[in-house]
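Letter by letter, the chains look like this.
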Amino acid sequence: MTATPVRPTEQNHEVKDLSLAPLGRQRIEWAGREMPVLRQIQERFEKEKPLAGIRLVACCHITTETAHLAIALKSGGADAVLIASNPLSTQDDVAASLVADYGIPVFAQRGEDSETYLRHVQIALDHRPNIIVDDGCDVVATMVQERQQQLSELIGTTEETTTGIVRLRAMFNAGVLTFPAVNVNDADTKHFFDNRYGTGQSTLDGIIRATNILLAGKTIVVAGYGWCGKGTALRARGMGGNVIVTEIDPVRAIEAVMDGFRVVPMAEAAKYGDIFITVTGNKHVIRGEHFESMKDGAIVCNSGHFDIEIDLKALGAQATDVKDVRNFTQEYRLKSGKSVVVLGEGRLINLAAAEGHPSAVMDMSFANQALACEYLVTNKGKLEPGIHSIPVEADKEIARLKLQAMGVAIDSLTPEQVEYANSWTSGT
């Protein structure tokens, strides 16, 4: 992406090592090759400055793709600060480059503990944001709980994840969502592609990097058949896995069955699975009783936002020994003598052990984020408190730009077809 980097003389930041910046910038530029839609938005932002004067906080996975979102927001005039949304998702070289090459304050280090993460949330809120770009709703929830005096300065928030949207809906139902929140997660050009193709590919990438096992012939249990679960199940089957799906929603369960997957409760699936992948957005999907039923050597990992989908406290209580057997791979030896292998400490395996979603799919997701920020500013004072969808026109424009970049052409309606589509008098 063609942002002009700057070399600040003094920079507020907390990154691992600024000497990593050259490698980070090289990787950022490589990712930009696959992000033409966001590049076009960034170029327009550079000219129009729609975010001029806006203090913005972004709580995101600090990856090469997120770097391009940050660059686009800064190009639009935003005074932006970045923090990590997950302790194991930060790419330290990218964080260093954003600080050293682009003058963007970043407070994120790979492997930061919970205390550091929460301190970074407070640093972000000290920026007194007008807009929050959130990934899991932690920054927004903290502001509502601890910084209510700042709510009058908040124009609104954008939310990237299913988990975050669940939290925002709970906040709305509790009467504490007193500002507009844009639901980026449910934009068609986000969840159809990021959740399905991005999560599907990157989850298996993380598993393979962590274990180097062959997926073909393995029984792979996918917990949850939302868009992330669909993509994960589809890719696992494509790699030769025998896929079992677990669900709580009867409609999604029927869909999984009709897509050709076996659907059983987790209590039953636990007996058969070689690999377990949670993608539900809920907590304790795999619990103590499930670990007891698993095969010796069963592998467990999570690709949902928080690490609570797997009840690791229960597993730890059942274990007589825990040891690292590979990078991102821990073996819990149970009292029964069996072992359960946990990948990435139960955190997002696609970011803990791999690099997250491919750039091409994040191009559309982050295009939605950039346009959502512009939408909030343009409609300041006009939007009611609550959860708002990305405008359909913006969603379709992102899809049109993506097709254009891919060299794909589609049909347009003829005048006769337009008239027919808008008529109630024409029948068969």
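Each remark here, short or long, concerns the structure printed above.
Remember, it's a predicted structure, so these values are computed and weren't measured experimentally. (Residues numbered from 1 in each chain as written. Predicted model: local features only at pLDDT ≥ 70, side-chain atom pairs only at ≥ 80, totals over all residues. Heavy atoms only, no water.)

A. Summary view of helix α16 (residues 392-406). For α16, which comprises 15 residues, the first-to-last C-alpha distance of 21 Å matches the rise-based estimate of 21 Å (1.5 Å per residue) to within 8%. Within two residues after α16, Gly-407 carries a phi angle of roughly 75°, on the positive side. (Helix = DSSP H or I, 4+ residues; strand = E, 2+ residues; numbered from the N terminus. Expected span 1.5 Å × (residues − 1).)

B. Structural context of the nonpolar core. Leu-51, Leu-56, Ile-62, Leu-82, Leu-98, Val-106 and Ile-131 are the most contacted members of the largest nonpolar core, which totals 53 residues. Per-element accounting of this core gives the leading share, 11 residues, to helix α15 (residues 359-378). Once residues lying within four places of it in the same chain are set aside, the contact partners of Leu-98 are Ile-62, Ala-67, Ala-70, Ile-71, Leu-82, Gly-103, Ile-104 and Val-106. (Core = buried A, V, L, I, M, F, W, Y, C linked by side-chain atoms within 4.5 Å. Buried < 20%, exposed > 50% of the residue type's maximum accessible area, 1.4 Å probe, protein only. Contact = heavy atoms within 4.5 Å.)

C. Seen up close, the pattern of salt bridges. Inspection of every chain in the model, using the stated rule, returns 24 salt bridges. Across the salt bridge formed by Arg-44 and Glu-48, the nearest N and O atoms sit 2.9 Å from each other. Pair noted here: Arg-44 and Glu-48 are both in helix α2 (residues 36-48), with a separation of four residues, about one helical turn. The partly exposed category is assigned to Arg-44, whose relative accessible area is 27%. For Glu-48, a relative accessible area of 48% translates into the label partly exposed. With a closest N to O distance of 2.7 Å, Arg-147 and Asp-126 form a salt bridge. Taken together, the residues span a long stretch of sequence, with Arg-147 in the loop between α6 (138-146) and β5 (156-159) and Asp-126 in helix α5 (residues 114-126) at a distance of 21 residues. (Salt bridge = Lys/Arg side-chain N within 4 Å of Asp/Glu carboxyl O.)

D. Geometry of the environment of Asp-188. Turning to its location among the elements, Asp-188 is positioned in helix α8 (residues 188-211). Judged by its relative accessible area of 37%, Asp-188 is partly exposed. A C-alpha to C-alpha distance of 15 Å links Asp-188 and Thr-199, two positions 11 residues apart in sequence. For Asp-188, the contacting residues outside a window of four places in its chain are Phe-193 and Asp-395.

E. Representation of the pairing of strand β4 (residues 131-134) in the model. Judged by which residues are buried, β4 turns out to be covered on both faces: Ile-131 and Val-133 on one side and Ile-132 and Asp-134 on the other are all buried. Bridge analysis of strand β1 (residues 55-60) against β4 gives three bridges, and the strand direction is parallel. Each residue of the ladder has a partner; that of Leu-56, found in β4, is Ile-131. The pairing of β4 with β5 spans four bridges and is parallel. Counterpart to Asp-134 in the pairing with β5 is Glu-159. Viewed along the sheet, the connection from β4 through α6 into β5 turns out right-handed. (Pairing = 2+ DSSP bridges. Right-handed = clockwise from strand over helix to strand, strands pointing away.)

F. Layout of helix α10 (residues 250-258). In this structure Asp-249 caps α10, since a side-chain oxygen of it lies 2.8 Å from the backbone nitrogen of Val-251. Looking at the residues trailing α10, positive phi occurs at Gly-260, about 95°. (Polar contact = N/O pair within 3.5 Å; in protein donor to acceptor, adjacent residues only side chain to side chain.)

G. Just a nonpolar patch on the surface, in detail. A cluster of nonpolar residues, Ile-254, Val-257 and Met-258, forms a patch on the protein surface that exposes about 340 Å² of accessible area. With respect to the secondary-structure elements, Val-257 resides in helix α10. (Patch = residues over 30% accessible without salt bridge, like charges linked within 9 Å, V, L, I, M, F, W, Y side chains within 5 Å. Areas by Shrake-Rupley, 256 points an atom, 1.4 Å probe, with all protein chains shown as cover.)

H. Quick look at the packing of α6 against helix α7 (residues 162-173). Interaxial distance between α6 and α7 falls to 10 Å at its minimum, and their mutual angle equals 25°. When the axes of α6 and α7 are compared, the pair comes out roughly parallel. When α6 is examined against α7, the residues Asp-138, Val-140, Ala-141 and Val-144 are found in contact with a partner set consisting of Arg-167, Leu-168 and Met-171. Tallied by class, residues from the contact of α6 with α7 come to five nonpolar, no polar and two charged. (Axes fitted to C-alpha atoms, helices over the stretch in contact; angles between N-to-C directions. Parallel < 35°, antiparallel > 145°, perpendicular 65-115°, else oblique. Nonpolar A, V, L, I, M, F, W, Y, C, P; charged D, E, K, R; others polar.)

I. The arrangement of the pairing of strand β7 (residues 219-223) in detail. In terms of burial, β7 is a largely internal element, five of the five residues being buried. Residues Thr-219, Val-221 and Ala-223 of β7 are buried on one face, and the alternating residues Ile-220 and Val-222, pointing to the opposite face, are buried as well. Viewed along the sheet, the connection from β7 through helix α9 (residues 227-238) into strand β8 (residues 242-246) turns out right-handed. Sheet topology places β7 next to strand β10 (residues 275-278); four bridges connect them, and they run parallel. Residue pairing for β10: Val-222 is matched across the bridge by Ile-277.

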